[in-house]
Amino acid sequence: MEVKIGVQHTPRELVLESAQTPAEVEQAVTEAMAKDSVLSLTDEKGRKVIIPIAKVAYVEIAESTNRPFGFTTR
């Protein structure tokens, strides 16, 4: 699953592929907002991303799409 995180005062967003479900990511964001703490997510390779929730502008949660490869027609 793909997670995009917009950080305030930063022109680029953080994008990570997570093995967590959309519900788990949403719960982590909601808990961090309720506690006014940090948002901590882990990507598919085991790397952690930790962001102070006060600096998060938005979180976009999307299912990963399989990209076609090779020569395909639409």
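Every value quoted in this text rests on a predicted model; they were computed, and no experiment measured them.

Criteria and cut-off values
- Residues numbered from 1 in each chain as written.
- Predicted model: local features only at pLDDT ≥ 70, side-chain atom pairs only at ≥ 80, totals over all residues.
- Heavy atoms only, no water.
- Helix = DSSP H or I, 4+ residues; strand = E, 2+ residues; numbered from the N terminus.
- Buried < 20%, exposed > 50% of the residue type's maximum accessible area, 1.4 Å probe, protein only.
- Contact = heavy atoms within 4.5 Å.
- Areas by Shrake-Rupley, 256 points an atom, 1.4 Å probe, with all protein chains shown as cover.
- Core = buried A, V, L, I, M, F, W, Y, C linked by side-chain atoms within 4.5 Å.
- Salt bridge = Lys/Arg side-chain N within 4 Å of Asp/Glu carboxyl O.

Turning our attention to the overall build of the chain. Looking only at helices and strands, one finds 1 helix and 5 strands in the chain. Of the regular secondary structure in the chain, the N- to C-terminal order runs β-β-α-β-β-β. Of all 74 residues assigned to the chain, the portion counted as buried reaches 22%. In the chain, 49% of the contacts between residues at least 6 apart in sequence involve partners at least 24 apart. Carbon together with sulfur atoms contributes 53% to the accessible area of the chain, which is approximately 5800 Å² in total.

Within the largest apolar cluster, 13 residues are counted, with the highest numbers of intra-cluster contacts made by V3, I5, V25, L39, L41, I53 and V56. Of all elements in the fold, only β1 (2-7), α1 (22-35) and β3 (38-42) reach the threshold of two or more residues within this core. Leaving out residues up to four positions away in the same chain, L39 has contacts with I5, A28, V29, A32, V49, I50, I51, I53 and V59.

Attention shifts here to the pattern of salt bridges. Tallying each qualifying case throughout the model produces 2 salt bridges. Between E13 and K4 there is a salt bridge, and its shortest N-O distance comes to 4.0 Å. Judged by relative accessible area, which is 22%, K4 ranks as partly exposed. For R47, the salt bridge is made with D43, and the minimal N-O distance between the two is 2.8 Å. For D43, a relative accessible area of 12% gives the class buried.

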